[in-house]
Amino acid sequence: MKLAEVLADGFGRVQEVVHEAVEGLSAEQLAESPGPGANTIAWLVWHLTRVQDDHVADLMGTEQIWTSAGWLDRFELPFPAADTGYGHRPEDVDAVRVDSADLLTGYYDAVHEATTAWVAGLDEAALDRIVDDAWDPHVTLGVRLVSVLSDDLQHAGQAAFARGLVLRAT
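Not measured: the values here are computed from a predicted model. Sequence order sets the numbering: in each chain, residues are counted from 1 along the sequence as written. Totals for whole chains, interfaces and linings use every residue, but because this is a predicted model, local features are given only for residues with pLDDT of at least 70 and side-chain atom pairs only at 80 or more, for both listing and counting. Side-chain calculation: all heavy atoms of the structure are included, whereas hydrogens and water are not.

A. Seen up close, the nonpolar core. Nonpolar cores are built from buried Ala, Val, Leu, Ile, Met, Phe, Trp, Tyr and Cys residues. Side-chain atoms within 4.5 Å join them into one set. A 1.4 Å probe rolled over the protein chains alone gives each residue an accessible area, and that area as a share of the maximum for its type sets the label: buried under 20%, exposed over 50%, partly exposed in between. Of all hydrophobic cores here, the largest spans 43 residues; its most connected members are Val22, Leu30, Ile41, Trp46, Phe75, Leu104 and Leu145. Looking at this core, the elements that each hand over two or more residues are helix H1 (3–22), helix H3 (41–60), helix H4 (65–68), helix H5 (71–75), helix H7 (101–119) and helix H8 (141–169). Secondary structure elements follow DSSP: runs of H or I no shorter than four residues count as helices, runs of E no shorter than two count as strands, and numbering proceeds from the N terminus. Per-element accounting of this core gives the leading share, 9 residues, to H3.

Laid out in C-alpha cells, this is it:
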C-alpha cells in the first residue's frame, strides 16, 4: 500500500463515521446535548470539519473550502469566518444549529474530496517537510496530517457516541 493510499483510507474512515453519526437525525436531534455542557452532534461534526479544512488548506496553501465554496454563508453561524470551534463555551456549542444532516455531510464531503485529492499526490519525501517551527521538535507535514486524522476520528467517535445517547433518550 502506498502512503497516499494509507492517508486516503484514514480520511475515508472519518467520512464513514461522520455519515453514520448524522444519518437520519432531525435538526433537533443534531442540536440535542447528550448531557449538561456536552458537545452536540452538530457541533462535533462542524468542528472536526472546520479543523480539517483549516489545517489542510494551510498545508496546501489554499483558501479554506469554508469560505471559498460558500459554506460559511450556508451555515449562517454567529462566529467569525476563521473560527474552528477551539475554545468554544457551551453557549457557542448550542449556537451550531443546522436544518438537516445534509448540510454537515455536504461540507464534510467537500473538505474530504479536497483533502484526498491533495494527499493522493504526496510522496514519502513530502512528509518530512517542516510545516510549523514553533514547536520543538518542529512539526512535519506527516505529523500534522496524523494529528488532523487523530482529532477527526476522536470527534467523529464522540458524535457517534452522542448519537447513541440521543436516540436512546427518544
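B. Broad picture of the side chain of histidine 88. As for its placement among the helices and strands, histidine 88 is situated in the loop between H5 and helix H6 (90–94). For histidine 88, a relative accessible area of 18% translates into the label buried. Polar contacts, as counted here, are pairs of nitrogen or oxygen atoms within 3.5 Å of one another; within protein the pair requires one atom able to donate a hydrogen and one able to accept it, and residues that are adjacent in sequence qualify only if both atoms are side-chain atoms. Here aspartate 83 takes part through its side chain, which lies 3.0 Å from a polar atom of the side chain of histidine 88. Residues count as neighbours in contact if any of their non-hydrogen atoms are within 4.5 Å of one another. Contact partners of histidine 88, with chain neighbours within four places excluded, come to Trp43, Trp46, Phe79, Asp83 and Val93.

C. The arrangement of the pattern of salt bridges in detail. Here, a salt bridge means any Lys or Arg side-chain nitrogen found within 4 Å of an Asp or Glu carboxyl oxygen. Taken as a whole and judged by the stated rule, the model has 5 salt bridges. Linking arginine 89 and glutamate 91 is a salt bridge whose minimum nitrogen-to-oxygen distance equals 3.4 Å. Take arginine 89: its relative accessible area is 47%, and that puts it in the partly exposed class. Looking at glutamate 91, the relative accessible area reads 46%, which means it is partly exposed. Between aspartate 92 and arginine 89 there is a salt bridge; the shortest N-O distance is 3.3 Å. Overall, aspartate 92 belongs to the buried group, its relative accessible area being 15%. Three or more residues are tied together by salt bridges with common partners; here these are Arg89, Glu91 and Asp92.

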